[in-house]
Amino acid sequence: MYNIAITGLNAGDTPAPGVPVIRCLTEHPDWAESVCGMAYDALESGALDRNLVSSVYLLPYPKSGREALLERLTYIHEVEHLDVIIPNLDAELPNFIYLRDRLADMGIKTFLPSEEQFNRRSKVNLNKLAEDIGINTPKTRLITDPTHIDVRMDELPVMVKGLYYEAKIAYTLDEVRHHVYTIAAMWGYPVLIQQFIEGEEYNAAAVGDGKGNLLAVAGMKKLVFTDKGKGWACISIINEGLNQLTEQIVSALSWPGALEVEAIKSKKDGKFYLIELNPRFAAWIYLAKAAGINLPYLYLQLALGRQVTEKLEYRSGVVFTNYTTNLITDLDRISTLFTEGEINYALTI
Amino acid sequence: MDFDNSTLKELAISESGLIFDPASGTIYTSNSVGLLILDALKNGKELIEIRNMIVRQYDVDEQTSERDMYDFFSQLNSSGVIKHV
């Protein structure tokens, strides 16, 4: 039995991908492994669900640095004998990427891009990537100094984005300034100003083999949006244009592992404009599994060096919707996580 | 009137009137007359045949039938389901 460590366990109003990744894995008919949860906060909701994870360990926040993470992972590995780690959060990925060879030396497998691949798909470098590989993307520039927000009236509306998280539309110069300040206060600089493309958003979840081949892709369109513009209800789609765009990107980057492509189909010219490349599983990845294609299980097979046996086709027209429910837990469990930084559910009542 | 109906051929149409475009994820609804027209277009029927089907099934005159049919074509065109060529 393998022990698979998974991060990104928050399942709140903007859910992280960890819980759906775990559900994809554990609902696979061949699943015989165990899941070790890794969280940054004792109140990450998925970390409190003993039916989801066998144990949970708190990690130092990404800002604590790579050595702090390595030290913590070394300890967790001594207890848990981890076989694979699947990191699911944008902000933690640079540290995991940096440590991937050292983790491999410890016997822990990952299936992550190199630092160069990771940086090429960054929002900051999206224009350059698009130019290099001949795809469309909205014009983007960086704000690094709050006293130099050089947006003109004739550019409005624009999207204001954080480097890792947050995206807000601004219709006025006042709104631009307000969004820059609030996003910078949460996520720091640079803040990105991106040309607004009017059209419909399409998303694709993909897995690449790291040699330039797109192994699998699933498309999605949002049906219901949260107030943050996240998909609350989504439907699976099969769109050739979106699939071709994804293949072009995976091929150009020789991308290994999970990737989410976010694109807008312009109302004006009917072309796809790449707006973001997320270097991890999408939070809606359970929809792809429900439609017939289990990307996390495929990823796990690749990480373990197994032959890929997953079916790579899926159905369009499958709908998923988030719904909130309540998880009941004891204060003792939260206390254990807070004070000891870990909990083993097999040893708790 | 000629159409490019390649999108139309991909549509999933349920008997209840729900129409799903698997490429764009767009969902439409239609009444029974619209369903009759879509089904006929998918099966390559000529416009005059479609008009006559409506006249027979809904007991309306040819003029009313044609007007409703072209209204519906206009909606299909603006939603990208068919394109005038």
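Everything numeric in this text was worked out from a predicted model, so none of it was measured.

1. Description of the overall build of chain A
Then, in step 1: Along the backbone of chain A there are 10 helices and 15 strands.
Then, in step 2: Against the 2.2 N^0.38 benchmark of 20 Å for 349 residues, chain A shows a C-alpha radius of gyration of 20 Å, consistent with a compact globule.
Then, in step 3: Overall, the C-alpha framework of chain A stretches about 60 × 45 × 40 Å when taken along its three principal axes.
Then, in step 4: Within chain A, buried positions represent 43% of all 349 residues.
Then, in step 5: Taking contacts inside chain A between residues at least 6 apart in sequence as the whole, the part at least 24 apart equals 63%.

2. Brief notes about the nonpolar core
Residue and element names in this part refer to chain A.
Then, in step 1: In this structure, A206, A218, A263, I285 and L295 are the most contacted members of the largest nonpolar core, which totals 91 residues.
Then, in step 2: The dominant element in this core, judged by the number of residues it contributes, is helix α9 (residues 295-303), at seven residues.
Then, in step 3: Both of domain 1 (3-112 + 325-347) and domain 2 (117-122 + 198-321) provide at least three residues apiece to this core.
Then, in step 4: Counting 10 residues, the second-largest nonpolar core is a separate cluster that includes I143, V158, V191 and I193.

3. What to know about the sheet that holds strand β8 (residues 191-195) of chain A
Residues and elements named next belong to chain A.
Then, in step 1: Strands sit in the order β5-β8-β6-β7 across an open sheet of four strands; the sheet is antiparallel. Each having just a single partner strand, β5 (140-143) and β7 (167-170) make up the two edges of the open sheet. Strand after strand, the sheet turns through a mean of 25° between neighbouring axes, direction not considered.
Then, in step 2: As judged from the four bridges shared by strand β6 (residues 158-162) and β7, these two strands associate in the antiparallel manner. For K161, the partnering residue across the bridge sits in β7 and is A167.
Then, in step 3: Its contacts with the sheet put helix α6 (residues 173-187) on β5, β6, β7 and β8, and the angle it makes with β6 is roughly 15°.

Definitions and limits used
- Residues numbered from 1 in each chain as written.
- Chains lettered and ligands numbered in written order.
- Predicted model: local features only at pLDDT ≥ 70, side-chain atom pairs only at ≥ 80, totals over all residues.
- Helix = DSSP H or I, 4+ residues; strand = E, 2+ residues; numbered from the N terminus.
- Rg over C-alpha atoms; globule rule 2.2 N^0.38 Å.
- Buried ≥ 20, exposed ≤ 12 C-beta atoms within 10 Å, placed from the backbone.
- Contact = placed C-beta atoms within 7 Å.
- Core = buried A, V, L, I, M, F, W, Y, C linked by C-beta atoms within 7 Å.
- Domains from an automatic or database assignment.
- Pairing = 2+ DSSP bridges.
- Axes fitted to C-alpha atoms, helices over the stretch in contact; angles between N-to-C directions.

Everything listed is a geometric property; what it means functionally is a separate question.
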